[in-house]
Every structure is written in C-alpha cells, then in structure tokens.
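Structural characterization, general
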Amino acid sequence: MDKQDFVIRFAGEGGQGLVTSADALARAAAQAGYYVQTHSTFPSQIMGGPASSQVRISTAPVMSSGDGVDVLVALNQYAFDHHNEDMNPGGVTVYNAEEYDLPEGGQYFGIKADELAKSTGNARAANMVTIGAVANLIDFKLEEIDEFITQRFTRGRPGDDEIIVANIAAVRLGVEVAKSSGFTVGQLAPPIPPDYKQIIITGNAALSMGAVAAGLNFYAGYPISPATTVLVWMENNLWGEGRFVHQVASEIEAINAILGAGFAGRKSMTATAGPGFSLMSEGLGLAWMTEIPLVVVNVQRGGPATGLPTKSEQSDLMSCMHPAHGDIKMPVLAPGTIEECFYGGALATNWAERYQGPVILVSEFGLAERGENIRRPNLDEVSEESRATVSEGDTGKRYDSWDGSTPLPGMPIPGGPGAYVANGSEHDEIGDTTHLPRHHVRLMERRFKKLDLLTGAHYEIENADADVIIMPWGSSKGPAREAYDRLRADGADIGWVYSVALNPLPEEVISVLKSGKRVIVPELNYLGQWSALLRQDGVNAESITQYTGLPFRPADLVESIGERIGAGVIA
Amino acid sequence: MSKRNLEYDFAWCPGCGDFGVRRALQVALEAYSVEHEEPQANSVIIAGIGCSGNMVHLIEGDQPFGIHGIHGRTLPISFGVKMGRPDLNTVVVAGDGDFLSIGGEHLGPAATRNVDVTAVIMDNGVYGLTKGQSSPTSEFGAITTSTPLGKIETPVSPLKNYMSIGVTFIASYYSSKPRQLAKIIQEAMNHRGFSIVHVQSPCTTYNDIYDILKGKPKEGIKGLAYDIPEDHDPSSVEAANDLLSRPGIPLGVIYKEEGKTLQDRYEDLQAKAPIRTNDQLLDSYLLQ
C-alpha cells in the first residue's frame, strides 16, 4: 500500500555532509510536488561531533518532524547505536560498511558509498550513492532525482556535464545495492502538487525576508547561535539606497545602535539568542521608556547561561515578556511555522512603528534552520506601516498624555519640528527629567495603553465549546496539532486555541481562555512558562513540559494529553 | 535651573565645570548651525548618565534633539543615530565614569569604524552624582567614599588611550575658557570621523582641582594646564605622542587625521552591493 509520509534521517559526524544530503533529498522531493520539512541537530563546533539531519516527506503539508524514522543512514557505529531506538516499525537502516560492520539478520544493510562514488569518477558523490539507496527503499521516482541533479549542477561551469553524469551514475549504484538487499519500507504515494507558487526557505531567512518586506532598513547584530544566520542574511541582502547593516561589537552595542537608528526615524532590528538577549535587557527598558520603535528577534536555544546553543527549547518566554527591570510587558510575537516566521517578521516591524516602541519576535532553534516548502508570499498583501510623525505647526508634545481615544500622536524626527529628549529617566512632556508623581502616573498609563494598538496577528480557535483546550505556542504548534488531530479522530472532545501574538492576546482568544475551561499547554521548558503567565491572567492553564533539547513527538503528546484528559473525554 | 523649562529641577553645584562646558557647547552648536545653514534640530545630543548627562536638558535657545540614555552606552546609540541619518550632527556628552569605565568597551569599535561622531567628555575624576566615588581618572591613592584607604588602581590616561586606538581627532581642554573651548568643539564637529574633546571639568564638591589645573599665578605656582605650542603639528603621530609623553594637561588640538569615515566606507560597498528588489529576493527561494 502507498504510504503518505516518510522520515529519512542521515546521522554521523558534523562535516560529513549530513545537512547537504537531507537538503538535497528535501529539494528533490519538493520539486517533485511533495511537502517537506527538514530538522537538524549538531553540536556547537565547526567540524565533528555527533550530528544528524533529517527530512520528512509527505503528500500533505508537514507540521512536525514526526514520530520516528523510516530510513536511517548511519555513517558510524555511534550514530547507529544512538538513532536505532527512534526507528519506526518496519524501518530500515543503511549503514556505512566502510566504517563498521553489523551482525547479520537485522533490519539493515551495509553500503560502501565512498568506494562506489570513486568508481563513477567523482569521489565527492558518496552522498548521491546513499540518496540512491534511500530512494529505492521508499520507491521514490529516480527521474525526479535526475532532474534535481541536472538543475543543481548546471552552473555554467566547465565540467558541469561530467559531474551530472557521475552523480546520476552514483545514484544508480546506490539503487542497486538497496535492491539487492531485498529491503523496502513501502511505496511513497504520488505527490499532490499544490496549485500555487512555492518557495523553500528556513525560519531565519523567512523572518528576515518578512521584516524587509515591511520596510525594515537598519540592522545591527552580533553572531550567536542560532540567530547568526539572520545577521548573515542581512549582511548579504540589506543593501541599497536608505538601508544599513553592520556587525557590531556586542549585543549591548546592537540594542543601543538600533535604538539610536529608531530614534532617528529608521525601521530597525537586531536578532540574538538567550545570552545576547540578557545583555540587551537594559537597552530594551530604555526603548520601552523612551517609546522608540525597534524589533528584537530572540531565536531561543536551551538555557540558562550558555546552555544548549544548538538545541530546541522554549524557555525564554518569561524574559521576552519581562526583559528588564521596572514595570514592563513587551509585545511578543511567537511564530510557530516557517510561514508564520515570514509574516511575524513583517508584523513585528509594523507593530513597532504603529505603537512607537520595542517589539519582541521570539523564534526557536527548531524553526531557525529548518527548511520547508511554503506558499510564496504575495508582497502586495504585506502591509508596510510607518510611524505617525509631526509636522510644522503641531502643538502636541512628544510625551503628552494619551488614553487611547484618539490616534497615537506623531513622533518628532530629528531635523524636523518638535525637538525633545528621549529620556530614560521619567520625564515630562518634552522629555526633561522629572520626579513629579503625576508624570510617572500618566506616562506609565500611556506606555501600557499603547499595547491596545497591537492587533492583527494570526490566531486559530476551533471547537471552542469543548471543556478542554489545547494551546501550544511557537514551534510546538506543529506536533501539538498532529496530536490534536489524532485525538479528535479518536473521538476526544477537545478544543484548539493558538495565537502568534502572546502579548497582547487577541480579544477573541482571551474570551475563550477566560471562560473557565481547562487549558493544556504543551511547551519545551521546565517551568511551564506560558501556562504560568496565563494563570497570572486568571486562566485555568497547565503545561505538558519537555526539556530534552528536542522538539515534541506527536505520538508522545497524544499519550500525555490522553493521560491528562482521561479516558472519559475520549468517546 | 533651566530657563526654557521652569519645572526642570536638576541643578549642578555652584562652580561646577559643566557650566562652562554647557556654555561652550551651546556656542559651538549655534556656530555650527550658522556655518552649515541648518537648524539646530539637525543636531542630536546623546547624553550619558551622571552629572554631565544633564547637559542635554540645559541647552538654551534653539533646541537640538536629544537622547538621555543609559549608563555607558552613548557611543553605540550615537552610532545608530549617525548611520541611520548621516546628515545629522551627532554629539555625545558624557563623563569620565560613563565614557571610560562602564562604557570603555565601545571606544575601540567607534575608533576602528571612524564613525563621524563628536564626543565631548567632561572629566572630573570622580563619580559626583552618586556622591564621591573613585572614577577611572581619580589619582592613585585618592581618598574617596569608595576608596576610604586610598585608590589602588592606577588612573587611566584617556588621551594616550585615544591615540593608541586610532581616534582621528583628539583635543584636550578645560572648562574655564568656554569661548576657546567652543571653537575646539566646533572644529571637532566639522572633523569628518570620530572626534573626542576631552575636557577637564572639575567637581567643586568632591574633587576641586581648579588650582591644580590653573595654578596660582599670584603666588608663583604653575598649573598643570598649558597651551599647546603654536608650532605643534597635529597631523603628526610622533608629535602627538611626544606631546602626550610630557607632564601636564595640554590645551588644544593634539591630533587630527583626515580619512574615510564609516559612512564613506559603507558607500564604497554600496557601489558593488547586490541590490535586489524584495520580489527578486523572494524569488531566489522559488522551487523550480
């Protein structure tokens, strides 16, 4: 019988081309009309160390990295030992017979990829040999792989043709080895290609692209895993009239630089991860206090301190909401898919302009480098908001009181009318320091009231009549959604709430959450941070936590949610 | 204390050097504005934290824009302002504690970038606002509230620091002659690149060194401050280093080097940058 869904994992050491192999297979499958999602895990070092990269290929959009592995390519004994337990029933391992041997009789066979690659005249085609073996195991059409290879290596350089021929030959050699092993893991059903244009993109590239689509024109950043690729993207792309990008000397420089640029009228952004985000605390407080538009992206990794730089965790939510001392609650957008990364980048930029203040876009390692094919966004549908400014003759002052009943007054821009001091000390209408109680009261209220302007983020409410609601956030959306769908199919009476905006929450979401229902939050942290924040707001919320550095597996969530709600809820 | 804002309640102590620096800065801003035929709103004053930071609220007459930020971060903020809007006259005002202690890490990067910002530093050798703790420029052995038995760190040498990291305009002065100081600040504003005017601005409450700076001419005591000789060549690294190896506080422009600013270097890159529309960028990810 045809199968709709396969997970293929390449495991070995960093530097062995694992990501390249998974990406190549993903791209070939996506071009053939399948939906794909990749996921990689590697140590924080340039070369070596245990690493793996996988691709999930499906006839329907992929929501998570899946439960188990159907085909494992294990390039060393360590990889075989450590990934073996993730195998799905019927799964097959292709092992590197040049490196180690396994006793006869298991669900595996060996392949000498290097030796076979050399025989084609292209010693670098070893990954093509293994891709051939994998293709045979899932009955993936070879013409699609040939097509992919031809496109990829047609680069207008001498020797392209020879490389293409050798790579295609290498694929065939891998196919033969798999064939003679006699193993198969099933037949991949024919693709159902979407009728719209698609792009294949990672989360970090998508959020960068989204921010630029909304008019971002100033970026300062500092390298840190897993946010570095945002800096690299900007350094490669944020060029042209009126744009500026620069790698600065620290995260402290980054936050203060984008604050200066935001003050001067630019749409500015930086991206970082936990340790850098901690360093930005004071600057974020200054942006809140002085009401300067800017966006800080926090691509979460495991914490605290240096923590787990290249693993998935959702443990910075509390610091994103409350990054600095004093009374502050930052606007927080948390995309959960690659598509939401794109629109989140755009909306964060627009929010900052709209309410004249800092916005936190919180992403995750699990989204940052994962590749996925999504609908190509239509740029005509991406709005580009710019802050209100003041004109000659306006009588208002920069820090007048504001109660929300009128449009937010404009922001003076240097060189123009309305000169003021953006003051981190509490201030009067023109920004001079004051200790008078009335100013602290009226501006505290203004700063919080402005959050009401922040609407328009994507949210989902389904089956809200149920007594139990599942509400994941960020990248846990995918596995939680798969678990939710399976539980619903089994007759569980549960509802679904999901919101990209975590602060402020959309009104419709609040009204469902505050109706007294039991809200179950799957999240990747120890404290149960989102449910704790929800409880603070009077929601009857509890968490299902995981803190392994790995994303949820849908099957695990089916089990843990099932335990929480009890058999009674499942019909 | 502020003529333009009667409610503003901050005050410097009587005799504070910062009064003279304020006068000089105000004159320099006005002169710059006239010289370049642009409103003072084209200037942005970025202030640090400390007594000197209040400067930004005390400028009278036509108002520049201002940022009164957080402790030590004037340089990265000014970098953002300047690179965000290269047409703005961007001026940092900070004290020795703000600029050289907590903010010291930003000096090197600002110098290597040669970002076109002018820093006016008010050095009083003490943390005044917090009531008299030792600062980076307090003398070795200084008795302060935080060094009751004497300071056991050697003082930093700001001018030598600036020279060694490649600041392209370095001047030293004191607060007692605002007219002359104003001319130097204006020259610094006109310098294309990172300029620092390091001003001895004594704290009359915790570290009154007026007599040490100026001496007591009537009693025949010479002060530490001396005018830089007219034959000094500020374009010469050797001459500048030679000047700084002598005892005393030189008054005037020590070093000045013409070169490309960060903005110039950035524009050089723009010329060869791959400029793509948003649609072209997005299409680079298209699945064929």
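How each quantity is defined
- Residues numbered from 1 in each chain as written.
- Chains lettered and ligands numbered in written order.
- Predicted model: local features only at pLDDT ≥ 70, side-chain atom pairs only at ≥ 80, totals over all residues.
- Pairing = 2+ DSSP bridges.
- Helix = DSSP H or I, 4+ residues; strand = E, 2+ residues; numbered from the N terminus.
- Axes fitted to C-alpha atoms, helices over the stretch in contact; angles between N-to-C directions.
- Contact = placed C-beta atoms within 7 Å.
- Buried ≥ 20, exposed ≤ 12 C-beta atoms within 10 Å, placed from the backbone.
- Nonpolar A, V, L, I, M, F, W, Y, C, P; charged D, E, K, R; others polar.

Residues and elements named next belong to chain A. Taken in spatial order, the five strands line up as E18-E20-E19-E22-E23 in an open sheet, and their pairing is mixed. Sheet topology places strand E18 (459-462) and strand E23 (541-545) at the edges, where each strand pairs with a single neighbour. Sheet twist, expressed as the mean angle between neighbouring strand axes with direction ignored, is 25°. Across four bridges, the pairing between E18 and strand E20 (residues 494-499) is antiparallel. In the strand pairing of E20, Ile 461 is matched with Val 497. Running over the sheet, helix H16 (residues 477-489) touches strand E19 (468-470), E20 and strand E22 (518-523) and is turned about 160° from E20.

Residues and elements named next belong to chain A. Among the nine residues that make up strand E2 (residues 5-13), seven are buried, leaving the element largely enclosed by the rest of the structure. Relative to strand E4 (residues 50-58), E2 runs antiparallel, the two sharing nine bridges. Within E4, the residue paired with Asp 5 across the bridge is Ser 58. In the sheet, E2 pairs with strand E5 (residues 69-74) via four bridges, with the strands oriented parallel. Residue pairing across strands places Phe 10 opposite Val 73, the latter belonging to E5.

Let's shift gears to the interface of chain A and chain B. Think of interface size as the accessible area that goes away when the parts come together; that is how it is often given. Contact with chain A, which involves 55 residues of that partner, is made by 42 residues of chain B. Sort the elements by how many residues they give to the side of chain A that touches chain B and helix H9 (residues 251-263) of chain A lands first, with nine residues. Residue composition of the side of chain A that touches chain B, grouped by class: 29 nonpolar, 19 polar and seven charged. Pairing analysis gives three bridges linking strand E17 (residues 421-423) of chain A to strand E2 (residues 65-68) of chain B, with the strands arranged parallel. Residue pairing across strands places Asn 423 of chain A opposite His 68 of chain B, the latter belonging to E2 of chain B.

These figures capture arrangement, not role.
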